[in-house]
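Structural overview for review
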Amino acid sequence: MSTATSRRLINLISLAGLGISIWFTIYCFQLGVFKNTSALQDLVEQAKFFGPLLFIVLQIVQVVIPIIPGGISLAAGVLIFGPVEGFVYNYIGIVLGSIIAFLLGRRFGKPLVHHLISDKIYNKYIGWLDNQNRFTKLFAIAIFLPVAPDDVLCLLAGLTKMSLKTFSLIIILGKPATILAYSYVLVYGGTLLSHFI
């Protein structure tokens, strides 16, 4: 499969994921989830074990291949499972997904990275790899910030000489703050928005 074809396929999957996310958000509004989260939790309650497991797998996949926007899945975790369990499931899924992205980047190198990210984004961040120590510092800072393209940077980190231990430590320590920031801003922003609709 050519790079252009794989990117078109990934873009199509992402667009479909965005469409499903929009539909799901509208559905949640109709259920009154943003006013009473127990409505959605009741739906998930029926799948005691498989609900959390499926959600964690979804988070792992969306880190490697952007099926749905990460912010939406983070907020969904908190809405569906509650603030504590939602955070834990988000954290597990994103940490595992980030490590898998790093290992895939390391195993398959630039050809895979070119298939998964656009030339524009690749060219924007590839310069970071020129200096190993500088990249590690920039990577650590970016992971702690909620606005950085973490998924792309995890793939690119696989192209460096960064050890899996260093990478994992940065992800494990850096992810909680961004997960909390994204999750609660989107959830409480949605709750606030629901009062005006």
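Residues numbered from 1 in each chain as written. Predicted model: local features only at pLDDT ≥ 70, side-chain atom pairs only at ≥ 80, totals over all residues. Heavy atoms only, no water.

**What about the packing of helix 5 (residues 83–116) against helix 8 (residues 150–157)?**
Axis separation between helix 5 and helix 8 bottoms out at 6 Å; the angle between their running directions is 85°. In terms of orientation, helix 5 lies roughly perpendicular with respect to helix 8. In this structure, helix 5 uses Ser98, Ala101, Phe102, Gly105, Arg106, Val113 and Leu116 to contact helix 8, whose residues at the interface are Cys154, Leu155, Leu156 and Ala157. Broken down by class, the residue content of the contact of helix 5 with helix 8 amounts to 8 nonpolar, 2 polar and 1 charged. (Axes fitted to C-alpha atoms, helices over the stretch in contact; angles between N-to-C directions. Helix = DSSP H or I, 4+ residues; strand = E, 2+ residues; numbered from the N terminus. Parallel < 35°, antiparallel > 145°, perpendicular 65-115°, else oblique. Contact = heavy atoms within 4.5 Å. Nonpolar A, V, L, I, M, F, W, Y, C, P; charged D, E, K, R; others polar.)

**Some words on a nonpolar patch on the surface**
A surface patch of nonpolar side chains, amounting to about 380 Å² of accessible area, comprises Val84, Val88, Ile92, Leu96 and Ile100. Within the secondary structure, Ile92 is located in helix 5. (Patch = residues over 30% accessible without salt bridge, like charges linked within 9 Å, V, L, I, M, F, W, Y side chains within 5 Å. Areas by Shrake-Rupley, 256 points an atom, 1.4 Å probe, with all protein chains shown as cover. Salt bridge = Lys/Arg side-chain N within 4 Å of Asp/Glu carboxyl O.)

**Some remarks on the pattern of salt bridges**
Considering all chains together, one arrives at 1 salt bridge under this definition. Note that Asp150 and Lys175 form a salt bridge whose closest N and O atoms lie 2.5 Å from each other. Linking Asp150 in helix 8 with Lys175 in helix 9 (residues 164–196), this pair joins segments that are 25 residues apart in sequence. We note that Asp150, like Lys175, is buried. (Buried < 20%, exposed > 50% of the residue type's maximum accessible area, 1.4 Å probe, protein only.)

**Overview of the packing of helix 7 (residues 132–144) against helix 8**
What describes two packed helices is the angle between their axes and the distance between those same axes. Direction vectors running N to C along helix 7 and helix 8 enclose 155°, while the axes themselves pass 10 Å from each other. Relative to helix 8, helix 7 is oriented roughly antiparallel. The element helix 7 and its partner helix 8 pack so that their crossing is left-handed. On helix 8, the residues touching Phe135, Phe139, Ala142 and Ile143 of helix 7 are Asp150, Leu153, Cys154, Leu156 and Ala157. For the contact of helix 7 with helix 8, the per-class residue count stands at 8 nonpolar, no polar and 1 charged. (Left-handed = near helix turned anticlockwise from the far one by under 90°.)

**Some words on the confidence of the model for the protein chain**
Across the protein chain, pLDDT averages 76, with 65% of residues at or above 70. Between the elements of the protein chain, mean pLDDT differs from a low of 58, seen in helix 1 (residues 3–31), to a high of 89, seen in helix 7. (pLDDT = per-residue confidence, 0-100.)

**Thoughts on the packing of aromatic side chains**
Applying the stated rule across the entire model yields 7 aromatic pairs. Here Phe87 and Tyr91 contribute two aromatic rings whose centre-to-centre distance is 5.9 Å and whose plane-to-plane angle is 10°, an arrangement assigned as stacked. With Phe87 and Tyr91 both in helix 5, this residue pair falls 4 residues apart, about one helical turn. Consider the rings of Phe102 and Phe167, whose centres lie 4.2 Å apart with planes at 15°: the pair is stacked. Separated by 65 residues along the polypeptide, Phe102 in helix 5 and Phe167 in helix 9 bring together distant segments of the chain. When sorted by exposure, Phe102 lands in the same class as Phe167, which is buried. Through a chain of ring-to-ring contacts, three or more aromatic side chains come together here, namely Phe102, Phe135, Phe139 and Phe167. The ring of Phe108 has Arg107 lying over it, and the distance from NZ or CZ to the ring centre is 4.9 Å. (Phe/Tyr/Trp six-rings, centres within 6.5 Å; stacked < 30°, edge-to-face > 60°. Lys NZ or Arg CZ within 6 Å of the ring centre and 35° of its normal.)

**With respect to helix 5**
Spanning 34 residues, helix 5 covers only 32 Å between terminal C-alpha atoms, well under the ideal 50 Å at 1.5 Å per step. Along helix 5, the sharpest change in direction is near 120° and occurs at Gly109; proline Pro111 comes one to four residues later. (Expected span 1.5 Å × (residues − 1). Bend = angle between axes of the 7 residues up to and from the residue.)

**Examining the nonpolar core**
Phe139, Leu153, Leu156 and Phe167 are the most contacted members of the largest nonpolar core, which totals 29 residues. Elements that contribute at least two residues to this core include exactly helix 5, helix 6 (119–125), helix 7, helix 8 and helix 9. No other element matches helix 5, which puts 7 residues into this core. What Leu153 contacts, discounting residues up to four positions off in sequence, is Tyr125, Trp128, Phe135, Phe139, Ala142 and Ala148. Residues Phe55, Ile56, Ile60 and Ile80 belong to the second largest nonpolar core, which totals 7 residues. (Core = buried A, V, L, I, M, F, W, Y, C linked by side-chain atoms within 4.5 Å.)

**A few points about the environment of Ile99**
Along the polypeptide, Ile99 turns up in helix 5. For Ile99 and Leu155, which are 56 residues apart along the polypeptide, the C-alpha to C-alpha distance reads 9.1 Å. If we ignore the near neighbours within four places in the chain, the residues touching Ile99 are Leu164, Phe167 and Ser168.

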